[in-house]
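A structural walkthrough
This is what each chain is made of:
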Amino acid sequence: MHPAFLYLPGRALSVSELAAARIDGDLFDIGEGFIPADLVETPGTRAASIAILIPVDTAASGPTAAWIHGAGDAPPAIHHVRRAVERRIRAKLPARVVLHDTSVPSSDLVTVGGVPVMSPTRTMLDLALGLHRDESLMRWIVLLAESDATLASAAIDRIDRLARVPGTKSARAALVRTALRTR
């Protein structure tokens, strides 16, 4: 998608002008912006629409990464980012963004629409490992598995190689159920 097709409020058009174009059916909202109604929504479009929420040296993670990779039709209310560098950072974040202060290796990152995002398999793995703390992540696991049926099996393979990580038993069980459901 060419950046000219992503309209962010306050740049070329005001919020009221963009809302009027949406009401007229010319635009629809995606993430923090708007795109023409006849433009196909892609992972690149989704990522570019929330690029302003992803600080330097971080990558989209958790439900945010799942949404970018095609899970669901609406972005999460709270976006999640993780450090994409080894050193500590002091990012200024909007209230709707949560920083997980553990770094993700570059091998688990992909660039989508110019935004660093955790890979689909790593996203599935992290969502499953977070289930023991937050059961609402199951929704994103199911939606991500519906977008790519191979992700649950790939995440199971990665979980089987982990040692001494909290939540691996419940994560593996949830992924097995998800893999069986999406076959």
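Residues numbered from 1 in each chain as written. Predicted model: local features only at pLDDT ≥ 70, side-chain atom pairs only at ≥ 80, totals over all residues. Heavy atoms only, no water.

Next up on the list: the environment of Asp160. Tracing the sequence through the fold places Asp160 in helix α6 (residues 151-160). Exposure remark for Asp160: the relative accessible area of 45% places this residue in the partly exposed category. Once the C-alpha coordinates of Asp160 and His79 are considered, the two residues, 81 residues apart in sequence, prove to be 28 Å apart. One polar contact links Asp160 to Arg172, side chain to side chain, over a distance of 2.7 Å. (Helix = DSSP H or I, 4+ residues; strand = E, 2+ residues; numbered from the N terminus. Buried < 20%, exposed > 50% of the residue type's maximum accessible area, 1.4 Å probe, protein only. Polar contact = N/O pair within 3.5 Å; in protein donor to acceptor, adjacent residues only side chain to side chain.)

Let us look at the packing of helix α4 (residues 120-129) against α6. Axis separation between α4 and α6 bottoms out at 9 Å; the angle between their running directions is 70°. The orientation of α4 relative to α6 falls into the category roughly perpendicular. As for the relative orientation of α4 and α6, their crossing is right-handed in sense. Of the residues in α6, those touching α4 at Pro120, Thr121, Arg122, Met124 and Leu125 are Leu151, Ala152, Ala154, Ala155, Arg158 and Ile159. Grouping the constituent residues of the contact of α4 with α6 by class yields eight nonpolar, one polar and two charged. (Axes fitted to C-alpha atoms, helices over the stretch in contact; angles between N-to-C directions. Parallel < 35°, antiparallel > 145°, perpendicular 65-115°, else oblique. Left-handed = near helix turned anticlockwise from the far one by under 90°. Contact = heavy atoms within 4.5 Å. Nonpolar A, V, L, I, M, F, W, Y, C, P; charged D, E, K, R; others polar.)

Let us look at the packing of aromatic side chains. The full count for this structure, using the stated rule, is zero aromatic pairs. Here the basic side chain of Arg139 rests over the ring of Trp140, its NZ or CZ set 4.6 Å away from the ring centre. (Phe/Tyr/Trp six-rings, centres within 6.5 Å; stacked < 30°, edge-to-face > 60°. Lys NZ or Arg CZ within 6 Å of the ring centre and 35° of its normal.)

In this structure, Asp108 sits in the loop between β5 (97-103) and β6 (109-112). Classification of Asp108 as buried rests on a relative accessible area of 6%. Along the chain, Asp108 and Ser119 lie eleven residues apart, while their C-alpha atoms are 5.4 Å from each other. Look past the residues within four positions of Asp108 in its chain and what remains in contact with it is Val117, Met118, Ser119, Arg122 and Arg158.

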